[in-house]
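Analysis of the macromolecular model
Listed below are the residues making up each chain.
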Amino acid sequence: MTSRLARLLARFSRPDGASCAACRHFTSDPHRIEAMLPGLTTLTSAFASVASGDGICLKHDTYQSGRFRCNDFAVDPAPGSTSDPPRP
Amino acid sequence: MALQPVDGTTKPSTDRAWLAEDWWAVLIGVTAVIAAVIAFRAGSSLAWFTVAPRTWSSFPELLTQYAQDGVRYAALGAVLLVLFTGAAKMMGLRAAPFAAAFVLIYLMSILILSVTAWRNARQLYLETPIIALVLGLVLANVTRLPAWLEPGLRVEFYIKIAVVLLGAGLPLPVILQAGPIAIVQASIASIVTFFIIYRVARFLDLDKRLGAMLAAGGSICGLSAVIAIAGAVRARREDISVATTIVVGWALVMIVLLPLLARAWYLSAGVGGAWIGTSEFADAAGFAAAQTFGSFTGTGGVSGTADQALWSYTLVKVVGRDMWIGIWAAVLSLVAVTRWEPKEQDGKIHLVQIWTRFPKFILGFAVASLLITWAADGHSFADFSIVTRPRLIEPIDTLRNWAFTFSFLSIGASLRIRKLAPVTGNAFVAFSVGVLVNLVLGFVLSSMVFGSYWNGIRP
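First things first, this report covers the structure right here in the doc. (Residues numbered from 1 in each chain as written. Chains lettered and ligands numbered in written order. Predicted model: local features only at pLDDT ≥ 70, side-chain atom pairs only at ≥ 80, totals over all residues. Heavy atoms only, no water.)

1. Overview of the overall build of chain B
From N to C terminus, chain B includes 17 helices and one strand. For a compact globule of 459 residues, the expected C-alpha radius of gyration is about 23 Å, and chain B comes in at 22 Å, within 12% of that figure. Across its three principal axes, chain B shows a C-alpha extent of roughly 70 × 55 × 40 Å. Within chain B, the fraction of its 459 residues that count as buried is 59%. If you sum the accessible surface of chain B, you get close to 17500 Å²; carbon and sulfur atoms cover 69% of it. Averaging the coordinates of the 34 positive side-chain charges in chain B and doing the same for the 24 negative ones gives two points 2 Å apart. (Helix = DSSP H or I, 4+ residues; strand = E, 2+ residues; numbered from the N terminus. Rg over C-alpha atoms; globule rule 2.2 N^0.38 Å. Buried < 20%, exposed > 50% of the residue type's maximum accessible area, 1.4 Å probe, protein only. Areas by Shrake-Rupley, 256 points an atom, 1.4 Å probe, with all protein chains shown as cover. Lys, Arg positive; Asp, Glu negative; His and termini not counted. Charge placed at Lys NZ, Arg CZ, Asp CG, Glu CD.)

2. Looking at the pattern of salt bridges
The final tally for this structure, using the stated rule, is 15 salt bridges over all chains. In this structure, Asp54(A) engages Arg357(B) in a salt bridge whose closest nitrogen and oxygen atoms are separated by 2.9 Å. With Asp54(A) in the loop between helix H3 (40-43) and strand S2 (55-57) and Arg357(B) in the loop between helix H13 (353-356) and helix H14 (361-376), this pair bridges two chains. Comparing Asp54(A) with Arg357(B) shows no difference in burial state: the two are buried. (Salt bridge = Lys/Arg side-chain N within 4 Å of Asp/Glu carboxyl O.)

3. Overview of a nonpolar patch on the surface
Taken together, the side chains of Trp23(B), Val352(B), Trp355(B) and Leu363(B) define a hydrophobic patch exposed on the protein surface, amounting to about 360 Å² of accessible area. By secondary structure assignment, the location of Leu363(B) is in helix H14. (Patch = residues over 30% accessible without salt bridge, like charges linked within 9 Å, V, L, I, M, F, W, Y side chains within 5 Å.)

4. Some details on the environment of Leu415(B)
Residue and element names in this part refer to chain B. Mapped onto the secondary structure, Leu-415 falls in the loop between helix H15 (381-413) and helix H16 (425-449). With a relative accessible area of 3%, Leu-415 lands in the buried category. The sequence separation of Leu-415 and Thr-85 amounts to 330 residues, and the corresponding C-alpha distance is 22 Å.

5. Focus: helix H2 (residues 59-91) of chain B
Helical periodicity: at 3.6 residues per turn, an α-helix aligns residues three or four positions apart in one direction. Residue and element names in this part refer to chain B. End to end, H2 covers just 41 Å across 33 residues, shorter than the expected 48 Å (1.5 Å per residue, more than 12% under). The sharpest bend along H2 comes to roughly 65 degrees, located at Asp-69. Where H2 terminates, the next one or two residues include Gly-92, which has phi positive at roughly 110 degrees. (Expected span 1.5 Å × (residues − 1). Bend = angle between axes of the 7 residues up to and from the residue.)

6. Observations regarding the packing of helix H8 (residues 237-264) of chain B against helix H10 (residues 283-294) of chain B
Residue and element names in this part refer to chain B. The contact between H8 and H10 brings their axes to 9 Å, and the two run at 25 degrees. Taken together, the axes of H8 and H10 are roughly parallel relative to one another. H8 and H10 meet at a crossing whose hand is right-handed. Contacts between H8 and H10 involve Ala-251, Met-254, Ile-255, Pro-259, Ala-262 and Arg-263 from the first element and Ala-285, Ala-288, Ala-289, Thr-292 and Phe-293 from the second. Of the residues contributing to the contact of H8 with H10, the split by class is nine nonpolar, one polar and one charged. (Axes fitted to C-alpha atoms, helices over the stretch in contact; angles between N-to-C directions. Parallel < 35°, antiparallel > 145°, perpendicular 65-115°, else oblique. Left-handed = near helix turned anticlockwise from the far one by under 90°. Contact = heavy atoms within 4.5 Å. Nonpolar A, V, L, I, M, F, W, Y, C, P; charged D, E, K, R; others polar.)

7. What to know about the sheet that holds strand S1 (residues 26-27) of chain A
If you walk across this open sheet you meet the four strands as S1(A)-S2(A)-S3(A)-S1(B), and the pairing is antiparallel. This sheet does not close on itself; its edge strands, each paired only once, are S1 of chain A together with strand S1 (235-236) of chain B. Strand direction decides the pairing type here: S1(A) and S2(A), joined by two bridges, are antiparallel. Paired with Thr27(A) across the strands is Ile56(A), a residue of S2(A). Most of the contacts of helix H7 (residues 208-233) of chain B go to strand S3 (residues 62-64) of chain A, to which it runs at about 100 degrees, and overall it touches S3 of chain A together with S1 of chain B. (Pairing = 2+ DSSP bridges.)

8. Some remarks on the packing of aromatic side chains
In this description, an aromatic ring pair is defined by two values, namely the gap between the centres and the angle between the planes. Residues and elements named next belong to chain B. Taken as a whole and assessed by the stated rule, the structure comprises 31 aromatic pairs over all chains. With 6.4 Å between their ring centres and 80 degrees between their planes, Tyr-73 and Trp-402 make a pair best called edge-to-face. On the criterion of sequence distance, the pair formed by Tyr-73 in helix H2 and Trp-402 in helix H15 is long-range, its members being 329 residues apart. With respect to class, Tyr-73 is no different from Trp-402; both count as buried. In this structure an aromatic cluster arises from ring pairing among Tyr-66, Tyr-73, Phe-84, Phe-102, Tyr-106, Phe-157, Tyr-158, Trp-402 and Phe-406. Here Arg-263 stacks its cationic end above the ring of Phe-296, 4.1 Å away from the centre of that ring. (Phe/Tyr/Trp six-rings, centres within 6.5 Å; stacked < 30°, edge-to-face > 60°. Lys NZ or Arg CZ within 6 Å of the ring centre and 35° of its normal.)

Shown next, in the form of structure tokens:
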């Protein structure tokens with residue numbers, strides 16, 4: 001019981017450097033998200049508050065919070081660099 | 001099959017709250033209200049600046065209007081162009097394509113508002129939302145609208161500005177009085193609809209995450225809820241595409257269906273607006289439906305005023321449903337990481353999302369209401385009709401109608417039907433069951449349980 005509670009509480013702790021937000025497979029660029037989710041801009045926006053820094057995991061093809069973690073984490077070799085297509 | 005990672009992927013900070021369009025909508029909307037209040041307090045008005053087509057009967061009459069008001073249209077367009085392009089640039093969009101798209105949207109909006117100002121337009125069901133939507137759909141799907149115009153088609157940006165401006169028409173006491181009722185009604189409908197869609201989806205063997213996205217989309221706030229819940233539960237991209245197609249499709253159907261049903265059943269403006277607020281999913285689509293229904297007041301056979309339909313819609317939809325999206329996301333992320341996640345994945349629950357996902361434009365709506373309540377304080381009822389309304393409220397209402405028109409036009413123009421994902425039968429069935437239950441439940445709550453209240457809503 002105590003260990004289950006401890007595990008649950010651990011879920012609320014701050015994410016560390018290995019969370020998806022720091023992973024090379026993850027993008028939270030709203031331009032890219034809108035391009036990858038056709039129809040999204042018809043009734044909402046990746047620039048909206050509700051999006052809250054969520055992004056797309058290019059490895060697993062999922063849309064998710066940057067606070068998740070998984071075993072496929074890969075360090076971003078050059079954070080902030082980009083080879084993305086030009087912004088719309 | 002997993003996608004290949006992209007080398008050197010952009011890693012923008014997840015803390016980009018100041019970039020969110022919600023805050024820019026608040027800034028622009030509240031600035032407009034402050035400008036109106038300053039002008040009013042100084043004994044002047046924004047009325048010259050906030051031009052719009054007036055009722056006309058013949059083309060020569062319309063052309064005369066254009067000739068008389070040409071400078072005013074140019075001034076309004078120039079100021080909106082500068083404000084919107086500046087905000088778009090700050091959000092990270094490229095300024096030149098956005099500006100070009102906005103000029104096109106503005107010119108087409110003049111055309112749309114001119115058509116609806118035609119004396120016979122109402123008899124032919126030529127309402128602003130319907131014309132804007134159809135024209136946008138034709139542009140996007142029949143003609144070849146250049147792709148570089150797409151950044152200017154910001155449905156949500158325009159509708160959020162309109163919501164902030166709408167706050168100026170609702171005195172704060174009305175919001176405080178109506179808020180609890182709107183929240184109770186919306187909560188009942190949201191919770192019941194959510195669990196019906198989710199249970200039907202699970203009964204039909206749909207994935208839990210897809211079920212949760214469909215349930216949130218149908219019960220809270222359409223596609224905004226879909227992506228908020230998708231992020232919270234780690235949804236597959238293909239499932240988001242399925243949910244997008246279903247939510248957009250149903251939302252468009254409801255824009256046409258709800259106003260016609262509400263009129264056919266002789267609902268008053270206030271009751272009909274509350275029903276639309278309970279049963280339509282997406283904000284922009286709901287405003288299109290509520291504005292269309294509001295246009296049936298007067299000679300259209302619906303009792304009440306057009307504003308009553310918009311007010312009751314806004315209270316139920318924006319105050320009653322939208323503002324709880326962060327809590328729904330937090331609860332579902334708790335369920336996802338404790339019960340749905342595979343062992344090799346380790347999700348975190350961040351309660352701060354209750355605030356980060358909060359639709360900030362609701363704050364702008366409240367601030368606008370507060371400002372107008374303060375500015376109009378001390379004026380008698382007679383003064384309100386003769387002085388306050390025409391010199392303070394009506395210019396803001398006109399700006400609001402422009403913002404609504406930009407948004408409705410953008411809905412159609414941003415929807416490339418060919419690009420939408422095909423819909424799976426079970427997902428469609430699960431969502432549709434929820435829509436139908438929500439329609440009945442919303443009708444009962446709006447017209448019977450809280451009917452006397454919505455009938456009497458007025459500033």
